[in-house]
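Chain by chain, the residues:
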Amino acid sequence: MDSVIPRPGKVEIGFTDDRLTGTGGAVFLAEAAKRLGLLPLLAEAVSVKRRARGASDAETQWSLVASLASGGGALSDVDALRGDAVQRELLGLREAPSSRRLGEFLRRLTKWDVERLEGVLRHLTAALAPAVVEHEVSERGYVPVFVDGTGIEVDGRLFEHAARLYTGERGYWLHGIFVGGLWVSGRLRPGGDVTCGWKGQMKRDLAPLPPPGTPVWVHCDSAHYRGAFVEYVSDRGWDYSVSVTDANKCRPVLDVVEDLPEHGWTDIGMGESATWVRHRPARWRDEQSYVVVRGTVERQGELFPRLSVILASRDDLPLAEVVRRHRSKQGHENAFKGPLVDLDLHHPPCRGYRANQAFHAYGRMAHLLLRAVQYGLLPKAARRHGIRPLVRHLMRTVARLVASGRRRSLLFASCCFRRDWLFFASLQLEGG
């Protein structure tokens, strides 16, 4: 069979004065920010500029948020925005800062500036949460909440307050809480305890969001297998499931099923069986229910079946349903990885601790704005996607800005991959 060898034709290279931009989706980001009232909130929250020249504090912050929402996770990416006159016009920017000025701005922020930024973020999540909660309840029958922390590795000799992580590397902890795919809480803290500050985040950032009576299911990894955490969630009337992976903490539960006869196990599909166990850990207030999941040796290719333990509050549900609900947290782990990878938040740009805290706060603003676009301007079918398609196929869409008289038009190419999203969003802008 003859092979087909691509033969690209010769193309001449030139330049044009047409008003083009590679981030045409900025028009939708600006609309979302306008509807949420973000820009006045930013202007009121932070004021560090001393001279009335260059980009204002509000323009500096908005430039960083817009750059992050377009996938530019480095401070140097703001220079591209600075040179893109069309994108600046779509964002309503008179001027954009250089990356050097942006770095200086971040270094001047204080603890109180970061706290005021957290207040802006709580305003945004309060505005977005109702739509997300309604969507999750309609799709699942409950609202999934994922609580986790992830290590942000840095060179501890250069970065202020970096400490040792559980991996032995130096870095920060980023503690996050997700409601569905909405990043409702995030704190950058020095390394150390992976669960540090969880109660304050739950009280301030999570507890006010679900309306009373909303079914909530909290998913956690083994780091949150703590009596105080479980009691707090239980007292609020929320359901929960926690992975238990520490061998010492699993042992009392696994001892119960060591000689359990075969009829004591329930088939849950996929070559697995499970059973319930009751146990009260030392110094815990209440006795707890645990699911022990057993895999078959044929499926695992091992001599003995592998056992896993899940702490779960709902022992009135079928075992298969409890396991399915708990394992759905893997999707929420991906939702946590999404902002870190797609917005490049795994790499703090500054040596100062407060500056990096503020940078991650602006990163979360970018994430929330993308979710606002997804829930407010795109069709409902788009809600099943993470933020990566939003960045790639909406924000990074080439467009041409043309003017006729006093009327401006933004023209997208007909061959755009997500032309349906662009068309639907444009209709929402015209209707608004």
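Below you will find a few notes about this structure. (Residues numbered from 1 in each chain as written. Predicted model: local features only at pLDDT ≥ 70, side-chain atom pairs only at ≥ 80, totals over all residues. Heavy atoms only, no water.)

### Looking at helix H8 (residues 198-206)
Basically, it comes down to this: Classification of residues uses two cut-offs on accessible area relative to the type maximum, computed with a 1.4 Å probe and protein chains only: under 20% is buried, over 50% is exposed, and between them is partly exposed. In DSSP terms, a helix is any run of H or I states spanning at least four residues, a strand is any run of E spanning at least two, and both are numbered starting from the N terminus. The arc under discussion is defined with respect to the helix axis, by the directions toward the C-beta atoms.
Of the residues making up H8, those classed as buried are Trp 198, Gln 201, Met 202, Asp 205 and Leu 206. The arc enclosing the buried residues of H8, seen along the axis, measures out at 105 degrees, which places them on a common side.

### Concerning the packing of helix H2 (residues 38-45) against helix H3 (residues 57-69)
The cut-off we apply is this: Every angle, taken between N-to-C directions, lies between 0 and 180 degrees, and every axis is a line fitted to C-alpha atoms, over only the stretch in contact when it is a helix. Small angles under 35 degrees read as roughly parallel and large ones over 145 as roughly antiparallel, with 65 to 115 read as roughly perpendicular and the rest as oblique. Whether a crossing is left-handed or right-handed is set by the direction in which the near helix is turned from the far one by less than a right angle, anticlockwise for left-handed and clockwise for right-handed. Note on definitions: a residue-residue contact is assigned when non-hydrogen atoms from the two residues lie within 4.5 Å. Residue polarity is assigned by list, with Asp, Glu, Lys and Arg as charged and Ala, Val, Leu, Ile, Met, Phe, Trp, Tyr, Cys and Pro as nonpolar; anything else, Gly included, falls into the polar class.
It is at 8 Å that the axes of H2 and H3 come closest, and there the two elements cross at 125 degrees. Here H2 lies oblique to H3, going by the angle between them. Between H2 and H3 the crossing geometry is right-handed. Contacts from Leu 38, Leu 39, Leu 42 and Ala 43 in H2 reach Ala 58, Gln 61 and Trp 62 in H3. Classifying every residue of the contact of H2 with H3 by side-chain character gives 6 nonpolar, 1 polar and no charged.

### Overview of the sheet that holds strand E12 (residues 399-404)
Stated formally: Here the rule is simple: two strands pair whenever DSSP picks up at least two bridges between them.
Pairing within the open sheet is antiparallel, and its 3 strands lie in the order E1-E12-E13. Only two strands of the sheet have a single neighbouring strand rather than two, namely strand E1 (20-21) and strand E13 (407-412).

### Regarding unusual backbone geometry
One non-glycine residue with positive phi stands out, namely His 161, at about 65 degrees. By secondary structure assignment, the location of His 161 is in the loop between strand E2 (143-153) and strand E3 (163-164). Residues other than glycine seldom take positive phi values, yet Asp 344 does so here, at roughly 60 degrees. Of note, Asp 344 is situated in the loop between helix H13 (329-342) and helix H14 (353-376).

### Focus on the pairing of E13
Side chains on a regular strand alternate between the two faces of the sheet. Here E12 runs beside E13; their pairing, made up of 6 bridges, is antiparallel. Across the sheet, residue Val 402 finds its bridge partner in E13, namely Ser 409. Counting the residues between successive antiparallel strands, the hairpin from E12 to E13 contains 2 residues, one of them, Gly 405, with a positive phi of roughly 70 degrees.

### Description of empty space enclosed by the protein
Selection criterion: In this analysis, the protein atoms alone were mapped onto a 1 Å grid. Cavities are point sets where a 1.4 Å probe fits without being able to get out; pockets are open sets with protein on both sides within 12 Å along at least five of seven lines; lining residues have an atom within 4 Å of a point. Grid points are joined across faces, edges and corners, and a volume is the space filled by probe spheres set on the points.
Summed over all chains, the structure comprises 1 cavity of 30 Å³ or more. Taken as a whole, the largest cavity spans an internal volume of roughly 60 Å³. Contributing to the lining of the largest cavity are Val 147, Asp 148, Gly 149, His 175, Gly 176, Ile 177, Thr 195, Cys 196, Trp 198, Gln 201 and His 224. Counting only elements with at least two residues in the lining of the largest cavity, the list comes to E2, strand E4 (170-179) and H8. Tallied by class, residues from the lining of the largest cavity come to 4 nonpolar, 6 polar and 1 charged.

### Thoughts on the environment of Glu 95
Put simply, the rule reads: Pairing of N or O atoms within 3.5 Å defines a polar contact, subject to two protein rules: one partner must be a possible hydrogen donor and the other a possible acceptor, and residues neighboring in sequence count only if both atoms are side-chain atoms.
As for its placement among the helices and strands, Glu 95 is situated in the loop between helix H5 (85-91) and helix H6 (99-107). Using a relative accessible area of 30% as the deciding quantity, one classes Glu 95 as partly exposed. Sequence separation between Glu 95 and Val 291 is 196 residues; the distance between their C-alpha atoms is 58 Å. Each residue touching Glu 95, except ones within four places of it in the same chain, is listed here: Gly 54, Ala 55, Glu 59 and Ser 63. A polar contact is formed between the side chain of Glu 95 and the side chain of Arg 94, at a distance of 3.1 Å.

### Some details on the side chain of Thr 150
In this structure, Thr 150 sits in strand E2. Looking at Thr 150, the relative accessible area reads 19%, which means it is buried. Apart from the residues lying within four places of it in its own chain, the contact partners of Thr 150 are Tyr 172, Trp 173, Leu 174, Phe 336, Leu 340 and His 346.

### Remarks on the pattern of salt bridges
Note the cut-off: Whenever a carboxyl oxygen of Asp or Glu lies within 4 Å of a side-chain nitrogen of Lys or Arg, that contact is scored as a salt bridge.
Scanning the entire structure with this criterion turns up 25 salt bridges. Here Arg 101 and Glu 104 are joined by a salt bridge, their closest N and O atoms 3.1 Å apart. Of this pair, Arg 101 and Glu 104 both sit in helix H6, separated by 3 residues, roughly a single helical turn. The exposure class assigned to Glu 104 is partly exposed, which follows from its relative accessible area of 24%. As a salt-bridge pair, Glu 118 and Arg 364 come within 2.7 Å of each other at their nearest N and O atoms. Of this pair, Glu 118 sits in helix H7 (residues 111-140) while Arg 364 sits in helix H14, and the two are 246 residues apart along the sequence. Here the two residues Glu 118 and Arg 364 agree in accessibility, since each one is buried.

### Overview of the packing of aromatic side chains
Basically, it comes down to this: Aromatic pairing here means that ring centres of Phe, Tyr or Trp (its six-membered ring) are within 6.5 Å. Orientation follows from the plane angle: under 30 degrees is stacked, over 60 is edge-to-face, and everything else is tilted. Working rule: Lys NZ or Arg CZ, within 6 Å of ring centre, within 35 degrees of ring normal, means a charge sits over the ring.
In total, this model carries 8 aromatic pairs according to the counting rule given. Ring centres of Tyr 142 and Trp 217 lie 6.1 Å apart, and the angle between their planes is 50 degrees; on these two criteria the pair is classed as tilted. Residue Tyr 142 is located in the loop between H7 and E2, and its partner Trp 217 is located in strand E6 (residues 216-220); the two are separated by 75 residues in the primary sequence. Here Phe 178 and Trp 183 contribute two aromatic rings whose centre-to-centre distance is 5.8 Å and whose plane-to-plane angle is 5 degrees, an arrangement assigned as stacked. A relative accessible area of 0% places Phe 178 in the buried class. Trp 183 gets classed as buried once you look at its relative accessible area, which sits at 1%. Counting every residue linked through ring pairs, the aromatic cluster contains Trp 198, Phe 229 and Tyr 232. Directly above the ring of Trp 265 sits Arg 294, whose terminal nitrogen or CZ lies 4.5 Å from the centroid.

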